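Each chain, written out:
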Amino acid sequence: MNRKKIIPFAILGVLLAAALILFLGRQRQVTLIIDGQAQSARVRGLTVGGALRQAGVQVSPQDLLEPGKATWLVNGMAISVTHARGVSITLLPDGGERQLVSASQTAGQLLAEAGLEAGAGDRLWANGATVTPDQALPAGKPLALVVRRAQTVTLTIDSETRQITSGASTLGEALAEAGILMEPADRLSPAADTPLEGP
């Protein structure tokens, strides 16, 4: 190859390298949503992973990331990171307990990961607050999930027998949930404050 042909190729290579440097060095405006909290950031790089590194956001394999690390970065893109957290699941009334690390955001999803499910009438609490299986839970913080399994209670009322199912903690609460009101002259055995602890 003669010298005249080499020079145009060299110039083209320099131009391509300069264009690549400019492209890589160009800042992009993105929105980072970290555990539900949104913030704007200007970053350089080609991929979502590169943008997160520049922003100092750590992502582990157990975290939820949308879109994925290898996704090409686009100006104006929203990047969502939900960090995994420690979750303890306590089952009442039997007292069983499960531990897991998860980024799932609902009680139903967390129970499924632990090989459990919420049954009809079960009661759920997350860090002391009543929740439903599909309710979104606060992200990023350790979570204590309590599941009170519904119990079947056999009642005899004026010689008639019926059954109710309730996740209440006491007999009195279960009766109130079922719409069974006690009059002052009524007698209840066992007492209303009797815990429902299963068979």
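Preceding this paragraph is the structure being described.
What you see is a predicted model; the values in this text were computed from it and never measured.

How each quantity is defined
- Positions within a chain are numbered from 1, following the residues in the order the chain's sequence is written.
- Only residues with pLDDT of at least 70 are given local features in this predicted model, and only at 80 or more are side-chain atom pairs given and counted; all residues enter the totals for whole chains, interfaces and linings.
- Note: side-chain values were computed over all heavy atoms of the structure, leaving out hydrogens and water.
- Whenever Lys or Arg places a side-chain nitrogen within 4 Å of a carboxyl oxygen from Asp or Glu, that contact is recorded as a salt bridge.
- Per the convention used, a helix needs a DSSP run of H or I reaching at least four residues, while a strand needs a run of E reaching at least two, with both numbered from the N terminus.
- The cut-offs for exposure are 20% and 50% of the maximum accessible area for each residue type, with area from a 1.4 Å probe on protein chains only; residues under the lower value are buried, those over the upper are exposed, and the others partly exposed.
- Only when DSSP finds a minimum of two bridges between them are two strands counted as paired.
- Every axis corresponds to a line fitted to the C-alpha atoms, with the helix fit spanning only the stretch in contact, and the corresponding angles, defined between N-to-C directions, vary from 0 to 180 degrees.
- What is meant by a nonpolar core is a set of buried Ala, Val, Leu, Ile, Met, Phe, Trp, Tyr and Cys residues, joined one to another through side-chain atoms within 4.5 Å.
- Contact definition: two residues touch when any of their heavy atoms are within 4.5 Å.
- Every patch collects residues that have over 30% relative accessible area and no salt bridge, joining them within 9 Å if they carry like charges and within 5 Å if they are nonpolar side chains (Val, Leu, Ile, Met, Phe, Trp, Tyr).
- For the area figures, the Shrake-Rupley method with a 1.4 Å probe applies, and any residue is considered shielded solely by the protein chains shown.
- Positive charges are assigned to Lys and Arg, negative charges to Asp and Glu, while His and the chain termini are left out of the count.
- Charge positions come from single atoms, namely NZ of Lys, CZ of Arg, CG of Asp or CD of Glu.

### Remarks on the pattern of salt bridges
Going through the model one piece at a time under the given rule, you end up with two salt bridges. In this structure, the salt-bridge partner of Arg 123 is Glu 173, at a minimum N-O distance of 3.7 Å. Here the residue Arg 123 occupies a position in strand β7 (residues 123-126), and Glu 173 occupies one in helix α4 (residues 171-177), the gap between them amounting to 50 residues. On the basis of relative accessibility, which here comes to 26%, the residue Arg 123 falls in the partly exposed class.

### Considering the sheet that holds strand β1 (residues 28-34)
The four strands lie next to each other as β2-β1-β4-β3, forming an open sheet whose pairing is mixed. Single-partner strands in this sheet number two, and they are β2 (37-43) and β3 (64-66). Across the sheet, the mean angle from the axis of one strand to that of its neighbour is 20°, orientation sign disregarded.

### Things to note about the nonpolar core
Among the nonpolar cores identified, the biggest contains 16 residues, and Ile 89, Leu 110, Leu 111 and Leu 145 are the most heavily contacted of them. Contributions of two or more residues to this core are made by β5 (85-92), α3 (107-113), β7 and β9 (143-148). In this structure, Val 43, Val 48, Ala 51 and Leu 65 belong to the second largest nonpolar core, which totals 14 residues.

### Description of the environment of Ile 33
Looking at where Ile 33 falls in the secondary structure, it is placed in strand β1. By relative accessible area, which is 28% here, Ile 33 ends up partly exposed. Residues contacting Ile 33, with those up to four places away along its chain left out, are Ala 38, Ala 78, Ile 79, Ser 80 and Val 81.

### Overview of the side chain of Ser 88
Tracing the backbone shows Ser 88 in strand β5. Since its relative accessible area comes to 18%, Ser 88 is described here as buried. Discounting residues that sit within four places of it in the chain, Ser 88 has contacts with Glu 97, Arg 98, Gln 99, Leu 143, Ala 144 and Leu 145.

### Regarding a negative patch on the surface
A cluster of acidic residues, Asp 158, Glu 160, Glu 183 and Asp 186, forms a negative patch at the surface. Considering the arrangement of structural elements, one finds Glu 183 in the segment after α4.

### A closer look at the pairing of β9
Pairing geometry for β5 and β9, over six bridges, is parallel. Bridging from a neighbouring strand, Val 87 pairs with Leu 143 of β9.

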